[in-house]
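As a plain string of letters, each chain reads:
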Amino acid sequence: MRNTIQDEKIASKLSADDKKKIEDTVDQAIQWLDNNQLADVEEFEDKMKELEGLCNPIIAKMYQGTGVDMAGGMDDEATSNNRDSILSLSYLKDNFFNGLALSK
């Protein structure tokens, strides 16, 4: 997610407040992960939902503000950026669970 909002094409479409919210939330999530490596699956899922709950509406609002049809009218670049955001969140989520499994 952090890489997504640092992409110049996406960053230029986000307000400074929205970028700050995402950056702060990502920083908090990383700090939480560092401090809670032995948390159970439900705690990791709750933290992931919290992160998604803040980030997803901001990204959706950004796409709506650019006239991109989230239902299928995205150009290749928008599709790629959205896919990268989803993959980043999926990667983070997978690593939550992999780290949890390895620590037990």
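Refer to the preceding data block for the structure.
This structure is a prediction, so every number in the text was calculated from the model and none was measured. (Residues numbered from 1 in each chain as written. Predicted model: local features only at pLDDT ≥ 70, side-chain atom pairs only at ≥ 80, totals over all residues. Heavy atoms only, no water.)

Some thoughts on the overall build of the protein chain
Formally: Secondary structure elements are defined from DSSP: runs of H or I of at least 4 residues count as helices, runs of E of at least 2 residues count as strands, and each element is numbered from the N terminus. Burial here depends on accessible area, computed with a 1.4 Å probe over protein chains only, as a share of the maximum for the residue type. Under 20% is buried, over 50% is exposed, and the range in between is partly exposed. It only takes one pair of heavy atoms within 4.5 Å for two residues to be counted as in contact. All accessible areas in this document rest on Shrake-Rupley with a 1.4 Å probe, and a residue is counted as covered only by the protein chains that are shown.
A tally of regular secondary structure across the protein chain gives 5 helices and 0 strands. Written out in order from the N terminus, the α and β elements of the protein chain read α-α-α-α-α. For the protein chain, the residues scored as buried account for 30% of the 104 residues in total. Long-range pairs, those at least 24 residues apart, make up 68% of the contacts in the protein chain with a sequence separation of at least 6. When the accessible surface of the protein chain is split by element, carbon and sulfur atoms take 47% of a total near 6600 Å².

Considerations on the pattern of salt bridges
Selection rule: When a carboxyl oxygen of Asp or Glu lies within 4 Å of a side-chain nitrogen of Lys or Arg, that pair is called a salt bridge.
Under the definition given, this model contains 4 salt bridges. Put simply, Lys20 and Asp24 hold a salt bridge, and the shortest N to O gap is 3.1 Å. Of this pair, Lys20 and Asp24 both sit in helix H3 (residues 16-35), 4 residues apart, which is roughly one turn of that helix. For Lys20, a relative accessible area of 47% translates into the label partly exposed. Given a relative accessible area of 29%, Asp24 falls into the partly exposed group. The salt bridge involving Glu50 is made with Lys47; its shortest N-O contact spans 3.5 Å.

What to know about the packing of aromatic side chains
Which entries qualify depends on this criterion: The criterion for an aromatic pair is that two Phe, Tyr or Trp rings (for Trp, the six-membered ring) have centres within 6.5 Å, with stacked assigned to planes under 30 degrees apart, edge-to-face to planes over 60 apart and tilted to the rest.
Considering all chains together, one arrives at 1 aromatic pair under this definition. An angle of 85 degrees between the planes, with centres 5.5 Å apart, marks the rings of Trp32 and Phe44 as edge-to-face. Of this pair, Trp32 sits in helix H3 while Phe44 sits in helix H4 (residues 41-65); the two residues are 12 residues apart in sequence, bridging distant segments of the chain. By relative accessible area, Phe44 is classed as buried at 3%.

Examining a negative patch on the surface
Just so we agree on the cut-off: Nonpolar side chains (Val, Leu, Ile, Met, Phe, Trp, Tyr) within 5 Å and like charges within 9 Å form the patches, drawn only from residues with over 30% relative accessible area and no salt bridge. When charges are counted, neither His nor the chain ends are considered; positive counts come from Lys and Arg and negative counts from Asp and Glu. Where a charge sits is defined by one atom per residue type, namely NZ (Lys), CZ (Arg), CG (Asp) or CD (Glu).
Together, Asp40, Glu42, Glu43, Glu45 and Asp46 line one region of the surface with negative charge. Relative to the helices and strands, Asp40 resides in the loop between H3 and H4. With relative accessibility at 32%, the residue Asp40 sits in the partly exposed group.

Notes on the nonpolar core
Side chains of a nonpolar character, in soluble globular proteins, are inclined to be buried together. Cut-off, in case you're wondering: Side-chain atoms within 4.5 Å link the members of a nonpolar core, which is a set of buried Ala, Val, Leu, Ile, Met, Phe, Trp, Tyr and Cys residues.
In this structure, Met1, Ile5, Ile10, Leu14, Ile22, Val26, Leu51, Cys55, Ile58, Ile59, Met62 and Tyr63 together form the largest nonpolar core, which totals 12 residues. Those elements that provide at least two residues to this core are H3 and H4. Ranked by the residues each element gives to this core, the list is headed by H4, at 6 residues. The contact partners of Ile58, leaving out residues within four places of it in the chain, are Leu14, Asp18, Lys21 and Ile22.

Overview of the environment of Val26
Structurally, Val26 is set in helix H3. Here Val26 falls in the buried class, since its relative accessible area comes to 9%. In this structure, the C-alpha to C-alpha distance between Val26 and Met1, residues 25 residues apart in sequence, is 7.6 Å. What Val26 contacts, discounting residues up to four positions off in sequence, is Met1, Arg2 and Leu51.

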